[in-house]
Amino acid sequence: MGLNQYLILSAFLFCCGVYGVLARRNAVLVLLSVELMLNAVNINLVAFSAFTKQIAGQVFALFVITIAAAEVGVGLAIVLLIYRNLHSPDLDRVDQLKG
Amino acid sequence: MLRNAWIIPLLPALGFVVVLLFGKRLPRKGAEVAVASVGASFVLACIVLVQWVQRVEDAPAHGALRGFGRALLPTQEGGVAAVDRSFTWWENGRVNFGVGIHVDGLAVMMLFMVTLVSLLVHVYSTKYMEGDRRFTHYFALLNLFTASMLLLVVSDNTIQLLVGWELVGLCSFVLIGHWWEEKPNADAAVKAFLTTRTGDVGLMIGIIILFFAAGTFDIAAINGEVLGGDISHTLLVVAASGLLIGIIGKSGQFPLHTWLPDAMAGPTPVSALIHAATMVVAGVYLGARLYPVFFSGFSIGDGGLNAMAIIGGVTIFVGAVLAFVQRDIKKVLAYSTISQLGYMVMALGIGAWVAAIFHLFTHAFFKALLFLGAGSVSHSGSHHSFDMRDDMGGLRKYMPITFVTFVIGSLALAGIFPLAGFWSKDEILVTAGRTGFDFFLYVGLIGAFLTAAYMTRCVYLTFFGEYRGHGEPHESPPAITVPLVVLAGFSVLAGFTNAGALGIEKFKDWFEAGVALPPLQHADFEVVKAVVSVSFAAIGIGIAAFFWFQREELNPLRGLTRRNPYAGAGYRLLQNKFYLDDLYEKVIVGGIKGPVARGTYWFDQHVIDGAVNGVARVTARLARVAYDVVDQKVVDGAVNGIAETAGETGGLLRYVQSGRVQRYALTLFAAVAALSLALWIVY
Amino acid sequence: MTGQNIAFWILAIAMGTGAIGVVRSRNIVHAALFLIVVLVGAAAQYIVLLAEFVGIVQFFIYIGAIAVLFLFGIMLTRAPMTPADFDNDQRWPAAIVSLFLFGTLVALLVDAFGGDKIQLSDSLLESSRTGPVADSIFRQFVVPFEVVSMLLLAALVGAVVIARRD
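Here the structure is a predicted model, which means the values were calculated and not measured. (Residues numbered from 1 in each chain as written. Chains lettered and ligands numbered in written order. Predicted model: local features only at pLDDT ≥ 70, side-chain atom pairs only at ≥ 80, totals over all residues. Heavy atoms only, no water.)

Peer 1: Got a sec to walk through the overall build of chain C? Specific residues and values, please.
Peer 2: Scanning chain C from N- to C-terminus turns up 7 helices and 0 strands. Starting at the N terminus, the α and β elements of chain C follow one another as α-α-α-α-α-α-α. Looking at chain C residue by residue over its 166 residues, the buried ones come to 39%. Partitioning the contacts of chain C with sequence separation of at least 6, the portion at a separation of at least 24 is 64%. Summed over all atoms, the accessible surface of chain C reaches about 9,000 Å², with 72% contributed by carbon and sulfur. (Helix = DSSP H or I, 4+ residues; strand = E, 2+ residues; numbered from the N terminus. Buried < 20%, exposed > 50% of the residue type's maximum accessible area, 1.4 Å probe, protein only. Contact = heavy atoms within 4.5 Å. Areas by Shrake-Rupley, 256 points an atom, 1.4 Å probe, with all protein chains shown as cover.)

Peer 1: Now, about the overall build of chain A: what can you tell me, with residues and values included?
Peer 2: The helix and strand tally for chain A stands at 3 helices and 0 strands. Counted from the first residue to the last, chain A has its helices and strands arranged as α-α-α. Classification of the 99 residues of chain A by burial places 62% in the buried group. Considering only contacts within chain A whose residues lie at least 6 apart along the sequence, 52% involve residues at least 24 apart. Of the roughly 3,200 Å² of accessible surface on chain A, 68% is carried by carbon and sulfur atoms.

Peer 1: Which residues make up unusual backbone geometry, and what values do they have?
Peer 2: The bulk of non-glycine residues show a negative phi, and the bulk of peptide bonds are trans. In this structure, the amide linkage connecting phenylalanine 254 of chain B to the following residue, proline 255 of chain B, adopts the cis form with an omega of 5°. Within the secondary structure layout, proline 255 of chain B lies in the loop between α8 (233-250) and α9 (259-262). Of note, the phi angle at lysine 53 of chain A is positive, near 55°, even though the residue is not glycine. Along the chain, the position of lysine 53 of chain A falls in the loop between α2 (27-52) and α3 (56-86).

Peer 1: I'd like a rundown of the interface of chain A and chain C, residues and numbers included.
Peer 2: Contact residues are listed per partner, giving 67 residues for chain A and 82 residues for chain C. Between chain A and chain C lies a buried interface of about 6,900 Å² when both sides are counted; carbon and sulfur atoms form 76% of it. It is Met1, Tyr19 and Arg24 of chain A in chain A that bury the most area against chain C; as a group they hold 11% of the surface buried on that side. Summed over the shared surface of chain A and chain C, the result is 0 salt bridges. (Buried area = accessible area lost by both parts, 1.4 Å probe. Salt bridge = Lys/Arg side-chain N within 4 Å of Asp/Glu carboxyl O.)

Peer 1: Give a description of a nonpolar patch on the surface that names residues and reports values.
Peer 2: On the surface, Leu583, Val587, Ile588, Val589, Ile592 and Val596 of chain B cluster together into a nonpolar patch covering about 500 Å² of accessible area. Residue position: valine 589 of chain B is located in helix α25 (residues 580-654). (Patch = residues over 30% accessible without salt bridge, like charges linked within 9 Å, V, L, I, M, F, W, Y side chains within 5 Å.)

Peer 1: Any chance you could break down the interface of chain B and chain C for me, citing the residues and the numbers?
Peer 2: The interface is formed by 12 residues belonging to chain B together with 12 residues belonging to chain C. Both sides together, the interface formed by chain B and chain C hides about 1,100 Å², and carbon and sulfur atoms give 68% of it. On the chain B side of the contact with chain C, Leu666, Ala673 and Trp680 of chain B bury the most area, a combined 49% of that side's loss. Summed over the shared surface of chain B and chain C, the number is 0 salt bridges. Seen at the junction of chain B and chain C, the total is 1 residue pair in polar contact (both at pLDDT 80 or more). Among the residues making up the side of chain B that touches chain C, the classes are represented as 8 nonpolar, 2 polar and 2 charged. (Polar contact = N/O pair within 3.5 Å; in protein donor to acceptor, adjacent residues only side chain to side chain. Nonpolar A, V, L, I, M, F, W, Y, C, P; charged D, E, K, R; others polar.)

Peer 1: Give a detailed account of the pairing of strand β2 (residues 95-103) of chain B, specifying residues and quantitative values.
Peer 2: Within a regular strand, the side chains alternate between the two sheet faces. Residue and element names in this part refer to chain B. β2 sits mainly inside the fold: 7 of its 9 residues count as buried. Sheet topology places strand β1 (residues 83-92) next to β2; 9 bridges connect them, and they run antiparallel. Looking across to β2, one finds that asparagine 92 is bridged to valine 95. Hairpin connection from β1 to β2: 2 residues lie between these consecutive antiparallel strands, with glycine 93 at a positive phi of about 65°. (Pairing = 2+ DSSP bridges.)

Peer 1: Give a description of the nonpolar core that names residues and reports values.
Peer 2: Met110 and Phe294 of chain B are the most contacted members of the largest nonpolar core, which has 188 residues in total. If you tally residues by element for this core, the top one is helix α15 (residues 353-380) of chain B, at 18 residues. Counting contributing residues per domain, this core is built from domain 1 (1-255) and domain 2 (298-575) of chain B, each supplying no fewer than three. The contact partners of phenylalanine 294 of chain B, leaving out residues within four places of it in the chain, are Ala240, Leu243, Leu244, Ile247, Leu286, Gly287, Ser299, Ile300 and Met308 of chain B. Listed in part, the 81 residues of the second largest apolar core include Ala23 and Ala40 of chain A together with Ile28 and Leu35 of chain C. (Core = buried A, V, L, I, M, F, W, Y, C linked by side-chain atoms within 4.5 Å. Domains from an automatic or database assignment.)

Peer 1: Explain the packing of helix α4 (residues 135-154) of chain B against helix α11 (residues 281-289) of chain B to me, and be specific about the residues and the numbers.
Peer 2: Residue and element names in this part refer to chain B. Direction vectors running N to C along α4 and α11 enclose 15°, while the axes themselves pass 10 Å from each other. As judged from the angle between their axes, α4 and α11 are roughly parallel. For the pair α4 and α11, the sense of crossing is right-handed. In this structure, α4 uses Met149, Leu152, Val153 and Val154 to contact α11, whose residues at the interface are Val281, Ala282, Tyr285 and Arg289. A per-class count over the contact of α4 with α11 returns 7 nonpolar, no polar and 1 charged. (Axes fitted to C-alpha atoms, helices over the stretch in contact; angles between N-to-C directions. Parallel < 35°, antiparallel > 145°, perpendicular 65-115°, else oblique. Left-handed = near helix turned anticlockwise from the far one by under 90°.)

Peer 1: Which residues make up the pattern of salt bridges, and what values do they have?
Peer 2: Residues and elements named next belong to chain B. Taken as a whole and judged by the stated rule, the model has 9 salt bridges over all chains. Residue arginine 289 pairs with aspartate 104 through a salt bridge whose shortest N-O separation is 2.8 Å. Of this pair, arginine 289 sits in helix α11 while aspartate 104 sits in the loop between β2 and α3 (105-128), and the two are 185 residues apart along the sequence. Among the residues examined, arginine 289 registers a relative accessible area of 2% and is labelled buried. Here aspartate 104 falls in the buried class, since its relative accessible area comes to 0%. Here glutamate 166 and arginine 197 are joined by a salt bridge, their closest N and O atoms 3.0 Å apart. A residue pair is termed long-range when its members are at least 10 positions apart, and glutamate 166 in helix α5 (residues 158-176) and arginine 197 in helix α6 (residues 183-214) qualify at 31 residues.

Peer 1: Help me get a handle on α3 of chain A, residues and values and all.
Peer 2: Over its 31 residues, α3 of chain A extends 44 Å from the first C-alpha to the last, a length consistent with the 45 Å expected when each residue adds 1.5 Å. Two residues or fewer after α3 of chain A comes histidine 87 of chain A, characterised by a positive phi angle close to 55°. (Expected span 1.5 Å × (residues − 1).)

Peer 1: Tell me about the environment of alanine 272 of chain B, and please be specific about residues and values.
Peer 2: All names here are of chain B. Looking at where alanine 272 falls in the secondary structure, it is placed in helix α10 (residues 268-277). A residue is classified by how much of its surface remains accessible, and alanine 272, at 0% relative accessible area, is buried. For the pair alanine 272 and leucine 333, spaced 61 residues apart in sequence, the C-alpha separation works out to 9.7 Å.

Peer 1: If you had to explain the packing of aromatic side chains to someone new, which residues and values would you point to?
Peer 2: Scanning the model with the defined rule gives 22 aromatic pairs over all chains in all. For the pair phenylalanine 48 of chain A and phenylalanine 113 of chain C, a centre-to-centre distance of 5.2 Å together with 70° between the ring planes defines the contact as edge-to-face. Within this pair, whereas phenylalanine 48 of chain A is found in helix α2, its partner phenylalanine 113 of chain C is found in helix α4 (residues 91-113), the two belonging to separate chains. Judged by its relative accessible area of 26%, phenylalanine 48 of chain A falls in the partly exposed class. Judged by its relative accessible area of 22%, phenylalanine 113 of chain C is partly exposed. Aromatic side chains phenylalanine 8 of chain C and tryptophan 9 of chain C sit 5.3 Å apart centroid to centroid with 75° between the ring planes, which places their arrangement in the edge-to-face category. Taken together, the ring pairs in this structure connect Phe42, Phe112, Phe361, Phe365 and Phe490 of chain B into an aromatic cluster. (Phe/Tyr/Trp six-rings, centres within 6.5 Å; stacked < 30°, edge-to-face > 60°.)

Below is the structure:
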């Protein structure tokens, strides 16, 4: 199997995630896109781990998963807070730091 | 002690400080300290004298100095070396300011004389100034004066001499104006100071020229260079003239003599010390100290007329003539002093160096005696007045000691054998006749005649006739009469130190030694001239006695000045002191005060101030322009412009910050994409 | 074409579709479900790559916990269950940027790893078992492990603090 296959797949997922982060209005959808990006990274790591026959890649993938979990927890908590204050999950409304 | 002669001026200086600081608290109000310090100085001066005499006597080739012998330079074989001691106070490239002493015969003589007279005056003053409003300050200043005079006398360089010179002038000013609350006294003090100051201009010019000519301020070095012929004659003439102007001012020569009579406004002991014996002779001392300069500058050795002798001669005559018309006894003595100073300067001018300083020496004693005698008269006889015509007369009955001593002094002054004045005046006349200065011989003789005459008048008006005063005359207390007696003794005996007729030349030997002098001719005693001079004096006494001692009605000259218009005019001329004072005050001073000052003021106001104000106005206008155009528009415009630009830019940039996170993220990722592409292409 | 390859391609297509679905779906729940598809696909890919432990962990954590968490979040924020337009006004710039990024990455990757092949072998399998992985975590990577534990704790506490009602 070619290494590139995995890598291009990973790139594709990553770019979809980027599009989602930039273009989606709902905060939860943005978080979903972030997860997508993280998964893409994981695939990258594991592919490289298999390619270089080193286990460090997998260990890192595990760490990433852990951190992703933590991040989702905190992120959703923030989203809940935003929703409570603004009564809408629309990210466009979060512009208090407007200059 | 010779090497430590600097202590002699130092003691009175310390006395000055002590009396000034603590005098009022002392039991005798500082007088005791003052007398003690001068007394100690006198003792030391005597020691110096003894040691110096010893030095001279011990020097080899002593006999060659007699008679026509040339004066040997201190450095020559057989000469007596002076004692020099100095240290450098400040050095600056070529210029070396030193402080030091130079002890030679002349200095030793002056030290002795100054300290002796000063001591006697101090003692006299303890009684005379009793109860005075500024008793302590008076003694402090007497001490300071003594210290300054001694400093002047022993100094080894012209700058130090100048310091002493100015200090004695200052003390004279303060002491003349001792009772300054009365305006005439203050005016007299100012007049004295300013007149001598005028002379000091010449003195300073002379000193500076000598410095540039000889390269040093050291007197011995200057004299050495002059005697060695290293200095151009023109420079010497100018320098000597400058110094002569200083002498004219300080020693009351014509035409700057006008301050001396007015200086009699000060206390009588002051007049005795400063204006008879010491300060006024500072000029003569200067002439004696720097004699090579004068000798070469005025070509005294060639005979004939020279400025110094002429001025001296004129002064003799002017002083003597003016002494005739004075009512104030002190003024008579003041003009007499002027006249005798003229003798000394004339003596220097005709090459009679020893005669000049010998006359200085003897004159100090009998003139001080006369002044103190006048003070005694005023203290106890005329109820503090000095007016002979109104307040004195017939005092010989009441004040015998004063009378006798005063007469002795007068006879000495007139030059009667065998008193001191005879020997010294005679020496001057003899030298005049001998060295080709015949004209001045006649001047001296006429002066002697006049001197005898006016002193006789003075003595008569004071001590003979009926008492015209208002007080109760009595003899003065011992503190006053003892100095009189001492001085009378010196007036009698001092002459014998250089009695040419008796072959005694001790004075010359001792005090000419160690002094740098050009080749001088020493004249021997001539009986003929001596007899002539004494007879002139005797004739003077006789004529004066005839005119004044007579009873009023029998006097054929009585009322002459009223009857005869020429005599009256002459009398008025004399009374107005040859209108010199008027010339000085009204013409010179008034001319400067009036037109010159006003013109200068106009110039200052209109031209100078106009220029200054004009510049200021232009500057103010330029400043306004600078402010309006440059500061307001350009600078502020730039500053404001920058601020506005910043603001506008900020306003524009504000829109970037939308507050929307996704907008930021978009920008971020776009940048990442672009950068990664760029980096990939580059690498 | 080996079996792994085929497996890869099937999974890849599924994941790709899922990804596009996540970002283009007009229904939020659908988007979440599409994400689950992607997650499952990823887990499967791990197993294809003989990273068994990671794959299992992916299942448990991601799908079991995180996806569920998402559904909770959707519910709690009253997200519209009906189809709605969820794209904001910068979709076109976003599309351009992501496409551009994708293009760059692909070019870069092709250029860099053009001919590299992954060799799957038994030794790889052996070393990818749970044991060696655990070994590696607790030996070489024990410090990051501890740090991540701290981080989890912080996140836990933080989430509670942020979201509580007071």
